[in-house]
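# Secondary and tertiary structure notes
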Amino acid sequence: MSLAHQPSMWDVADEPVLTPLRGRVTRHPLTRGAWVDHLPGWVEGSDAVLEVLLGDIGWRAERRQMYDREVDVPRLLRWYGDGETLPHPALTDARSELNMHYGPELGEPFVTAGMCLYRDGRDSVAWHGDRIGRSRTEDTMVAIVSFGSPRALMLRPVGGGESLRFSLGHGDLVVMGGSCQRTWEHCIPKTAKPIGPRVSVQFRPRGVA
Ligand SMILES: O=C(O)CCC(=O)C(=O)O
């Protein structure tokens, strides 16, 4: 796959470095028991990770039914199941760090890694909650590490209300927790800005999708 990526001039570390989580993550309480944690620049030296993720790691294009026709899903997908080796060791380390930090609160480990490649600003994902599996009925966490061009992650309460916007840049961490998948929805809107690719890596516990 050849997707142009401009290496960041400010991301100076040669090798990926996970900066500490404790005391640096900001928690934003939402309504109805939902919350979002945010740590910009969690992974430093992310260029090397992005380079691997933009390579041939088995990205799949999907189609979905829209009314009476089938359309392309506007992003590419790759799913790493429990026990599957992740494409860069920094991602394995990231999952371990997340498990150390969030394990006591979550009560179980993050095991799967869903990956989405947004090739440019035309790729997107519509409003939804991750409600396949246990997250339909139980509180859980979904931890997202973002690589590449900054994109907006929007959140809004189910049933309506004011939306929130988080800018997800290169190496940033966002964790959606509590009832967030049931009581709030999130999306990555399209943008007309001429931007490069972004890869989202989402860590989830077993049985949550
Ligand atoms: O791109 C992101 O960070 C969000 C992805 C997402 O919401 C999903 O795949 O369910």
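Note that the structure is predicted; figures quoted are calculated from it, not measured.

What follows deals with the pattern of salt bridges. Taken as a whole and assessed by the stated rule, the structure comprises 13 salt bridges. Taking the shortest distance from any N to any O, the salt bridge between Asp-72 and Arg-63 comes out at 2.7 Å. Here the residues in one salt-bridge network are Arg-27, Asp-37 and Glu-105, joined through shared partners.

Another point: unusual backbone geometry. Here the phi dihedral of Arg-32 falls at roughly 55 degrees; this positive angle occurs in a residue that is not glycine. Within the element layout of this structure, Arg-32 appears in the loop between strand S2 (26–29) and strand S3 (34–39). We classify Arg-32 as partly exposed; its relative accessible area is 49%. One non-glycine residue, Tyr-67, lies in the positive phi region at around 55 degrees.

Another aspect to go through is the pairing of strand S12 (residues 172–178). Burial runs high along S12: seven of the seven residues are buried. Bridging between S3 and S12 involves six bridges; their strand directions are antiparallel. Paired with Ala-34 across the strands is Gly-178, a residue of S12. Note that strand S9 (residues 142–148) and S12 share five bridges and pair antiparallel. When the sheet's bridge partners are listed, Ala-143 is paired in S12 with Val-175.

Close to the ligand lie Arg-75, Cys-116, Tyr-118, His-128, Asp-130, Ile-144, His-186, Ile-188, Arg-198, Ser-200, Gln-202 and Arg-204. Measuring from an oxygen atom of the ligand, one finds a side-chain N or O atom of Arg-75 at 3.1 Å. Burial of the ligand by the protein chains amounts to 95% of its free accessible area of 290 Å². Elements that contribute at least two residues to the shell around the ligand include exactly strand S7 (110–118), strand S13 (184–188) and strand S14 (198–205).

About the cut-offs
- Residues numbered from 1 in each chain as written.
- Predicted model: local features only at pLDDT ≥ 70, side-chain atom pairs only at ≥ 80, totals over all residues.
- Heavy atoms only, no water.
- Salt bridge = Lys/Arg side-chain N within 4 Å of Asp/Glu carboxyl O.
- Helix = DSSP H or I, 4+ residues; strand = E, 2+ residues; numbered from the N terminus.
- Buried < 20%, exposed > 50% of the residue type's maximum accessible area, 1.4 Å probe, protein only.
- Pairing = 2+ DSSP bridges.
- Near = heavy atom within 4 Å.
- Polar contact = N/O pair within 3.5 Å; in protein donor to acceptor, adjacent residues only side chain to side chain.
- Areas by Shrake-Rupley, 256 points an atom, 1.4 Å probe, with all protein chains shown as cover.

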